[in-house]
Amino acid sequence: MKFRSTHILLLALITIVIIGIIANFIITSQRAIINRPPDIEILVTGKMRGRFEFCGCPGERAQSLPMRAQAIKGLTLTPQLRERLLLIESGNFTSDRESVEVAMRSFKMLGYDLVSTAQSEQFYIDEVLSQARKLNMKLLARDIKGNEGLSDICKPVWVLSRSQYKVAFVTSGIQPKSNDERTVMAKWNEVMNDVKSASGNTNAVILMNYWDWGLIERVLKETDAGKFITAIITHTSAQQLNRPEFQTNFETHFLLLPERLLPMPLLRLWIHRGKVRHLNMTTYSPSVEIPDEEIKMLVSAYYRKRQERLKAQWLTIVRRAKEYTTPKECAKCHESEYRHWMTTKHATAVLTLKKRHRIEPDCLKCHSEEFIQTKRLTMTDKGSGVECVSCHVELKDPVKVKEHGHMPSERARPPRIDPIKVCTPCHDKEHSPQFDVKLSDYMSKVRH
Ligand code: HEC
Ligand code: HEC
Ligand code: HEC
Ligand code: HEC
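If you're wondering where the values come from, they're calculated on a predicted model, not measured in any experiment.

**Points about the overall build of the protein**
Inference 1: The helix and strand inventory of the protein stands at 18 helices and twelve strands.
Inference 2: Counting every position in the protein, which comprises 448 residues, the buried fraction comes to 44%.
Inference 3: The contacts of the protein with a sequence gap of at least 6 include a subset with a gap of at least 24, amounting to 69%.
Inference 4: By element, 56% of the accessible surface of the protein is carried by carbon and sulfur atoms, the whole surface being about 24600 Å².

**Digging into the site of ligand 2**
Inference 1: Around ligand 2 sit 19 residues in total, of which His-346, Thr-352, Cys-423, Cys-426 and His-427 are the nearest.
Inference 2: Measuring from a nitrogen atom of ligand 2, one finds a side-chain N or O atom of His-427 at 2.8 Å.
Inference 3: Within the side chain of Lys-445, a nitrogen or oxygen atom sits 3.4 Å from an oxygen atom of ligand 2.
Inference 4: Put simply, the parts of the chain that give the shell around ligand 2 at least two residues each are α13 (349–355), α14 (361–367) and α18 (439–446).
Inference 5: If you tally residues by element for the shell around ligand 2, the top one is α18, at four residues.
Inference 6: Classifying every residue of the shell around ligand 2 by side-chain character gives eleven nonpolar, six polar and two charged.

**Describing the sheet that holds strand β11 (residues 264–272)**
Two strands in a sheet stick together by hydrogen bonds in their backbones, pointing the same way (parallel) or opposite ways (antiparallel).
Inference 1: Taken in spatial order, the seven strands make up an open sheet running β5-β4-β3-β2-β1-β11-β12, and their pairing is mixed. The sheet terminates laterally at β5 (154–155) and β12 (275–284), the two strands that pair on one side only.
Inference 2: Here β11 runs beside β12; their pairing, made up of nine bridges, is antiparallel. Across the sheet, residue Arg-268 finds its bridge partner in β12, namely Asn-280.

**As for the confidence of the model for the protein**
Inference 1: Of the residues in the protein, 89% have a pLDDT of 70 or more, and the chain-wide mean is 86.
Inference 2: Mean pLDDT values for the elements of the protein range from 56 in helix α9 (residues 244–249) up to 98 in strand β3 (residues 114–116).

**Quick notes on the packing of helix α7 (residues 181–200) against helix α8 (residues 213–222)**
When two helices pack together, their arrangement is given by the angle between the helix axes and by the axis-to-axis distance.
Inference 1: α8 packs onto α7 with a crossing angle of 75° between their chain directions and a minimal axis gap of 11 Å. The angle between α7 and α8 places the two elements in the roughly perpendicular class. Here Glu-181, Val-184, Met-185 and Trp-188 of α7 come into contact with α8, specifically with Leu-215, Ile-216, Arg-218, Val-219, Leu-220 and Glu-222.

**A word on the coordination of the iron atom of ligand 1**
Inference 1: Protein coordination of the iron atom of ligand 1 is provided by His-334 (NE2) and His-404 (NE2), with donor distances spanning 2.0 Å.
Inference 2: For the iron atom of ligand 1, the six donor atoms in the first shell make angles of 88 to 179° at the metal, a pattern classed as octahedral. Of this pair, His-334 sits in the loop between α11 (327–331) and α12 (335–342) while His-404 is found in the loop between α16 (388–391) and α17 (419–422), placing the two residues 70 residues apart along the sequence.
Inference 3: His-334 gets classed as partly exposed once you look at its relative accessible area, which sits at 33%.
Inference 4: Taking relative accessible area as the criterion, His-404 reaches 27% and is therefore assigned partly exposed.

**Topic: the site of ligand 3**
Inference 1: Around ligand 3, a shell composed of 16 residues is seen, among which Cys-363, Cys-366, His-367, Ser-432 and Tyr-442 lie nearest.
Inference 2: At 2.6 Å, a side-chain N or O of Ser-432 approaches an oxygen atom of ligand 3.
Inference 3: In this structure, an oxygen atom belonging to ligand 3 sits 2.6 Å away from a side-chain N or O atom of Tyr-442.
Inference 4: Elements supplying a minimum of two residues to the shell around ligand 3: α13 and α14.
Inference 5: Ranked by the residues each element gives to the shell around ligand 3, the list is headed by α14, at five residues.

**Some thoughts on the side chain of Ser-432**
Inference 1: Tracing the backbone through its elements, the reader meets Ser-432 in the loop between α17 and α18.
Inference 2: A distance of 2.9 Å separates polar atoms of two side chains, one belonging to Ser-432 and the other to His-427.
Inference 3: The contacts of Ser-432, once residues within four sequence positions are left out, are His-427 and Tyr-442.

**Regarding the environment of Thr-283**
Inference 1: You can see Thr-283 is positioned in strand β12.
Inference 2: Through-space distance from the C-alpha of Thr-283 to that of Leu-43 is 8.8 Å; in sequence the pair is 240 residues apart.
Inference 3: Ignoring anything within four residues of it in the chain, the contact list for Thr-283 reads Pro-263, Met-264, Pro-265 and Leu-266.

**Overview of α7**
Inference 1: Between the first and last C-alpha of α7 there are 28 Å, a value that for 20 residues agrees with the 28 Å anticipated at 1.5 Å per step.
Inference 2: Of the residues making up α7, those classed as buried are Val-184, Met-185, Lys-187, Trp-188, Val-191, Met-192, Asp-194, Val-195 and Ala-198.
Inference 3: Tucked into the core, α7 has its buried residues touching β6 (157–162), β7 (165–174), β8 (204–210) and α8.
Inference 4: With a side-chain oxygen positioned 3.1 Å from the backbone nitrogen of Arg-182, the residue opening α7 is Asp-180.

**Some remarks on the pairing of strand β2 (residues 85–89)**
Inference 1: For β2, the tally of buried residues reaches five of five residues, placing the bulk of the element in the interior.
Inference 2: In terms of strand pairing, strand β1 (residues 40–45) meets β2 through five bridges, oriented parallel. Across the sheet, Glu-41 pairs through a bridge with Leu-85, a residue of β2.
Inference 3: Across two bridges, the pairing between β2 and β3 is parallel. Bridge pairing in β3 links Glu-89 to Val-115.
Inference 4: For the handedness criterion, the β-α-β arrangement of β2, helix α4 (residues 97–109) and β3 is classed as right-handed.

**Some points on unusual backbone geometry**
Inference 1: The phi dihedral of Lys-47 is positive, around 55°, even though this residue is not glycine.
Inference 2: Assessed through its relative accessible area of 5%, Lys-47 is described here as buried.
Inference 3: At Arg-273, a position not held by glycine, the phi torsion is positive, near 50°.
Inference 4: Tracing the sequence through the fold places Arg-273 in the loop between β11 and β12.

The rules behind the values
- Residues numbered from 1 in each chain as written.
- Chains lettered and ligands numbered in written order.
- Predicted model: local features only at pLDDT ≥ 70, side-chain atom pairs only at ≥ 80, totals over all residues.
- Heavy atoms only, no water.
- Helix = DSSP H or I, 4+ residues; strand = E, 2+ residues; numbered from the N terminus.
- Buried < 20%, exposed > 50% of the residue type's maximum accessible area, 1.4 Å probe, protein only.
- Contact = heavy atoms within 4.5 Å.
- Areas by Shrake-Rupley, 256 points an atom, 1.4 Å probe, with all protein chains shown as cover.
- Near = heavy atom within 4 Å.
- Polar contact = N/O pair within 3.5 Å; in protein donor to acceptor, adjacent residues only side chain to side chain.
- Nonpolar A, V, L, I, M, F, W, Y, C, P; charged D, E, K, R; others polar.
- Pairing = 2+ DSSP bridges.
- pLDDT = per-residue confidence, 0-100.
- Axes fitted to C-alpha atoms, helices over the stretch in contact; angles between N-to-C directions.
- Parallel < 35°, antiparallel > 145°, perpendicular 65-115°, else oblique.
- Donors = N, O, S within 2.8 Å, 3.2 Å for Na, K, Ca; no water.
- Tetrahedral: all angles 85-135°; square planar, octahedral: opposite > 155°, others 65-115°.
- Expected span 1.5 Å × (residues − 1).
- Right-handed = clockwise from strand over helix to strand, strands pointing away.

Dropping the structure here:
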């Protein structure tokens, strides 16, 4: 009896020691992995939307392309880092046709490894392709018409290497137009085929996602896609992603792209025996005050040329539009802001009244800019309501309106929108009780 129990005790002890040794080995090797510098670092930029300006003003607009350029140059200065850094633009960099060239030339000057295209590039895809051809840059895109003969520069999958490692970038392409199961799954299977074949001979697979959050969550739940994808870089914002338990629900990791140019998200991978053993996401926020000179010159030249042409055009618009300028007039020069505005409830504020049979002066005095200015209403469909000049009030001023179209650097003071002055006459306590409490949500919905 005694002999037996000591035996068991001894056996248990040995087992514990062995488990301890193994655990210790795993932990130390894991720690050893994390303690060394990452093998690959991926710096992602995006959502620039043609805002290149350097105006010296505080806030978001100060985060211009020349500032970003300086930040990137500072980062890549160390040769060790350049050796393991992949510099990726994730798209939505254009606002109109002219802006394509400026953006892409600066990407080239900064040594970007890959330029992925998003929704806004689709509008000027021929220009994007022609610049990529001219500058010899790698483009990531799916379903591009007129891509014939360009397959060497424009593909849905690119494999990039750094030292002995290989990383595949696959794009989801633009979200399918129809939401029905068959269309979505057909499209997703196409993306997954690319992911799976790329995962065979690379160390990591990164998916650039341009689908709505709900849709991507659905396909991830229904398929085993997460197993093959190391990380998903996503343009669509999703509150849920901030919940810590969320990341653990799927086998893949998510990198959300912020609305601002700085800080820039940085994805770091530690690779061991061919596989990503550890991954971390951080942000790179350099303290840059001086813009990059080379890029600043490129941007200034662009604005000067643009301004000359647009100013003349603007004066004809002002002369012609006797009463008030409609959003369609603004759209001639500010296409991307117009497209964004059309997605907000402000663009359907008159339609809301029409649907409820309440087109009456008492309601129109807040729901229609046309009515506010002219006491008439000529359009009741989408595209009429709380309009550009409802917020950009300086354009209602007959003197200031003539000066419109200054170069960013020439503006005396950037006309920032003060919510107390601009929004609360309509968003008062009675009609918008939540406005004060959720001010930043309200503002972020209308900012383009
Ligand atoms: C004919 C071209 C043209 C039209 C039409 C036009 N703008 Fe502009 N706008 C410009 C130019 C040029 C700038 C200077 C910055 C730039 O080049 O993007 C500018 C700048 C702006 C800015 C940035 C701040 C400022 O005032 O400098 C706002 C806001 C703006 N426009 C709003 C509007 C609104 C609202 C309308 C319609 C009522 C409108 N614009 C119509 C050419 C135009
Ligand atoms: C001329 C009046 C007017 C002004 C000025 C105005 N709004 Fe509005 N806003 C409205 C009306 C009317 C609606 C409701 C439209 C509808 O649902 O048909 C609305 C709706 C909204 C919504 C949509 C709320 C939702 O349920 O999604 C947001 C966000 C918003 N406004 C933010 C702002 C901000 C921020 C400003 C100032 C920068 C502003 N608005 C200025 C009249 C105005
Ligand atoms: C003082 C300005 C103001 C007046 C006057 C006004 N509204 Fe609004 N209305 C708003 C604002 C601001 C919102 C957006 C509220 C929000 O989302 O915070 C809104 C939203 C709405 C909505 C959408 C939200 C909902 O409740 O479903 C409807 C419908 C609406 N208004 C109808 C009317 C009608 C009908 C009248 C006339 C009897 C009217 N409004 C008069 C400012 C006004
Ligand atoms: C509900 C308010 C609102 C409406 C309506 C609105 N804007 Fe704006 N717009 C903003 C805000 C907020 C900003 C951010 C800059 C700021 O705070 O001054 C902005 C910025 C801009 C800029 C400058 C972008 C930049 O960063 O240089 C342009 C150009 C512009 N808007 C054009 C338009 C046009 C064109 C329309 C109509 C199609 C429109 N806006 C409608 C609120 C509005």
